[in-house]
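Per-entry structural report
Residues per chain, in single letters:
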Amino acid sequence: MQITLVILKPSAIQRGILGEVISRFEKKGIQIVGLKMVHLTDKILAEHYAHLFNKPFYGRIKDSMQASPVVVMALKGVDVVHVVRKLTGVTNGRDAEPGTIRGDYSMSVQENIVHASDSPETAAVELKRFFSDSEIFDYASHLTPYFYANDER
Ligand code: UDP
Ligand code: MG
């Protein structure tokens, strides 16, 4: 099984849809193995969005991501990095397919509700950025036989 990182952005917190978004992951059959509220410092954000740091709009992304705390989650499942990106939808909420989180809740490129790691390699780095080992829990999920066949796990 893989683990991926999701951030519920200030847009999700301010709009009061944390529960709805988290519920989508739960209903899909993805296991929550880490969850906490944090404030994103300048340093953490510069690392996390290093690929955007030199863009002219980095300042507004930074303000948006620091507008309130965020909720960070570690989500576990088979191929979960790929599955969560599919559930999230493309970056621009106006282009994201209906049925995806961004497609259903966002009209914006910036205010697009969630961050999700884009590859297993990125997920490993991003999980370490936000969680210590002791904050990621290894516990039995008793419904696993109803979410996966034996040879899928
Ligand atoms: N972003 C933005 N304008 C852009 C590109 C990105 O506001 O032109 C923001 C947006 O919130 C996006 C985040 O920066 O989710 C990270 O960008 P990335 O290209 O990594 O998109 P993602 O992986 O989140 O779909
Ligand atoms: Mg990205």
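Right, let's walk through the structure included here. (Residues numbered from 1 in each chain as written. Chains lettered and ligands numbered in written order. Predicted model: local features only at pLDDT ≥ 70, side-chain atom pairs only at ≥ 80, totals over all residues. Heavy atoms only, no water.)

1. So, a nonpolar patch on the surface
Rules: Residues qualify for a patch when their relative accessible area is over 30% and they have no salt bridge, like charges being joined within 9 Å and the nonpolar side chains of Val, Leu, Ile, Met, Phe, Trp and Tyr within 5 Å. All accessible areas in this document rest on Shrake-Rupley with a 1.4 Å probe, and a residue is counted as covered only by the protein chains that are shown. Salt bridges, as used here, are contacts in which a Lys or Arg side-chain nitrogen is within 4 Å of a carboxyl oxygen on Asp or Glu. Going along the chain from the N terminus, every DSSP run of H or I of four or more residues is numbered as a helix, and every run of E of two or more is numbered as a strand.
The grouping of Leu 143, Tyr 146 and Phe 147 at the surface amounts to a nonpolar patch, some 370 Å² of accessible area in total. Inspection of the secondary structure assignment puts Phe 147 in helix H8 (residues 144–147).

2. Let's talk about the pattern of salt bridges
Test applied: Buried, partly exposed and exposed residues are distinguished by accessible area as a fraction of the type maximum, computed with a 1.4 Å probe on protein chains only: under 20%, between the cut-offs, and over 50%, respectively.
Within this structure, the stated rule accounts for seven salt bridges. The residue Lys 62 makes a salt bridge to Asp 42 at a minimum N-O spacing of 3.2 Å. Of the two residues, Lys 62 is situated in helix H4 (residues 58–65) and Asp 42 in helix H3 (residues 42–48); the sequence distance between them amounts to 20 residues. The exposure class of Asp 42 is partly exposed, given its relative accessible area of 46%. In this structure, the salt-bridge partner of Lys 128 is Asp 133, at a minimum N-O distance of 3.9 Å.

3. Considerations on the sheet that holds strand S4 (residues 114–116)
Basically, it comes down to this: By the convention used here, strands pair only if DSSP detects at least 2 bridges between them. Here an angle of 0 to 180 degrees is reported between the N-to-C directions of two axes, which are lines fitted to C-alpha atoms, with helices fitted over the stretch in contact.
Read from one edge to the other, the open sheet built from four strands follows the order S2-S3-S1-S4, with strand pairing classed as antiparallel. Strand pairing shows two members of the sheet lacking a second neighbour, strand S2 (31–38) and S4, which therefore form its edges. Geometrically, the sheet is characterised by an average inter-axis angle of 20° between neighbouring strands, direction not taken into account. Two strands pair when backbone bridges link them, and S2 and strand S3 (residues 70–77) are joined in this way by seven bridges, in the antiparallel orientation. Each bridged residue has a counterpart across the sheet, and for Leu 35 the counterpart in S3 is Met 73.

4. Some details on helix H2 (residues 18–28)
Basically, it comes down to this: In this description, contact between two residues means that some pair of their heavy atoms is separated by no more than 4.5 Å.
Three or more residues of H2 are buried, namely Val 21, Ile 22, Ser 23 and Phe 25. In this structure, the buried residues of H2 make contact with strand S1 (2–8), S2, S3, helix H5 (80–88), helix H6 (101–105) and S4. Just past H2, the residue Gly 29 takes up positive phi, approximately 105°.

5. Digging into the side chain of Thr 88
Spelled out, the test is: By the criterion applied in these results, polar contacts are pairs of N or O atoms within 3.5 Å in which, for protein atoms, one can donate a hydrogen and the other can accept it, and in which residues neighboring in sequence qualify only through two side-chain atoms.
Mapped onto the elements, Thr 88 comes out in helix H5. Overall, the relative accessible area of 2% leaves Thr 88 in the buried class. Looking at Thr 88, its side chain comes within polar contact range of the main-chain oxygen of Val 84, at 2.7 Å.

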